[in-house]
Amino acid sequence: MTTMEIDLDLLDYLCHKGAHHIEAAVQGHQHLPRTVVGVGTFLLDHDGNLDLLTAKQRATFDKFLKPLLFDVPCQGFCHGDGRIESELLLKSYRDDEFLCRRCRQAVA
Ligand SMILES: [Zn+2]
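Calculation notes
- Residues numbered from 1 in each chain as written.
- Predicted model: local features only at pLDDT ≥ 70, side-chain atom pairs only at ≥ 80, totals over all residues.
- Helix = DSSP H or I, 4+ residues; strand = E, 2+ residues; numbered from the N terminus.
- Contact = placed C-beta atoms within 7 Å.
- Domains from an automatic or database assignment.
- Nonpolar A, V, L, I, M, F, W, Y, C, P; charged D, E, K, R; others polar.
- Expected span 1.5 Å × (residues − 1).
- Buried ≥ 20, exposed ≤ 12 C-beta atoms within 10 Å, placed from the backbone.
- Arc of directions from axis to C-beta.
- Axes fitted to C-alpha atoms, helices over the stretch in contact; angles between N-to-C directions.
- Parallel < 35°, antiparallel > 145°, perpendicular 65-115°, else oblique.
- Left-handed = near helix turned anticlockwise from the far one by under 90°.

Engineer: Any chance you could explain the overall build of the chain here in plain terms?
Structural biologist: The number of helices and strands found in the chain is six helices and zero strands. For the chain, the N- to C-terminal ordering of α and β elements is α-α-α-α-α-α. Across its three principal directions, the C-alpha atoms of the chain cover 45 × 30 × 20 Å. A sequence separation of at least 24 residues applies to 50% of the contacts in the chain between residues at least 6 apart.

Engineer: Looking at this structure, how should I read the domain arrangement of the chain?
Structural biologist: Interface size is commonly expressed as the accessible surface area that is lost when the partners come together. One can read the domain layout of the chain as domain 1 (1–71) and domain 2 (72–108). Placing a centre on the C-alpha atoms of domain 1 and another on those of domain 2 gives a separation of 21 Å. Facing the eight residues of domain 1 at the interface are six residues of domain 2. If you tally residues by element for the side of domain 1 that touches domain 2, the top one is helix α1 (residues 8–15), at three residues. Among the residues making up the side of domain 1 that touches domain 2, the classes are represented as three nonpolar, two polar and three charged.

Engineer: So what exactly am I meant to see when it comes to the environment of H20 here?
Structural biologist: Its place among the elements puts H20 in helix α2 (residues 19–26). In the structure, H20 is positioned 30 residues away from L50 in sequence and 23 Å away in space, judged by C-alpha atoms.

Engineer: Looking at this structure, I do not really get helix α3 (residues 33–45). What am I missing?
Structural biologist: Because the α-helix completes a turn every 3.6 residues, residues three or four places apart line up on one side. Taking 1.5 Å of rise per residue, 13 residues should cover 18 Å, and α3 covers 18 Å from first to last C-alpha, within 8% of that figure. When we look at burial in α3, the residues that qualify are V36, V39, G40 and L43. Looking straight down α3, one finds that the buried residues subtend no more than 95 degrees of arc, so they occupy a single side. In this structure, the buried residues of α3 make contact with α1, α2 and α4 (55–70).

Engineer: What am I meant to see in the packing of α2 against α3 here?
Structural biologist: Between two packed helices, both the angle of their axes relative to each other and the distance between the axes serve to describe the pair. For the pair α2 and α3, the least separation of the axes is 9 Å and the interaxial angle reads 125 degrees. On the basis of the axis angle, α2 is oblique to α3. For the pair α2 and α3, the sense of crossing is right-handed. Of the residues in α3, those touching α2 at A19, I22, E23 and V26 are P33, V36 and V37. Residues belonging to the contact of α2 with α3 are distributed by class as follows: six nonpolar, no polar and one charged.

Engineer: Explain the packing of α3 against α4 to me, please; I cannot follow it from the model alone.
Structural biologist: Their axes nearest at 10 Å, the elements α3 and α4 cross at an angle of 105 degrees. In terms of orientation, α3 lies roughly perpendicular with respect to α4. Counting all contacts with α3, which are made through T35, V36, V39, G40 and F42, the residues of α4 involved are Q57, T60, F61, F64 and L65. Residue composition of the contact of α3 with α4, grouped by class: six nonpolar, four polar and no charged.

Spelled out as structure tokens, the structure:
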């Protein structure tokens, strides 16, 4: 298993102010948003240590939180590799502007 460095500020945002992103991700699935937020807040309480998750929690993390934390597509006519860099994710969520670095530079 590879270690994933979770951006705790980003996770904190997604579990609170940005919970609508989790709600949107969960829509059409069996999971409840609060289940996913629960896994997120557990991780926040434990420094993002994934090893502490139960198998069920880990499955929930992999399915819903991991894509929101690590695999967010650039919504521009992408000049980059189609993914938003991790250091730009929180800003993207906050501004509701999902663009990678190269697309931001192209717009500027
Ligand atoms: Zn882009």
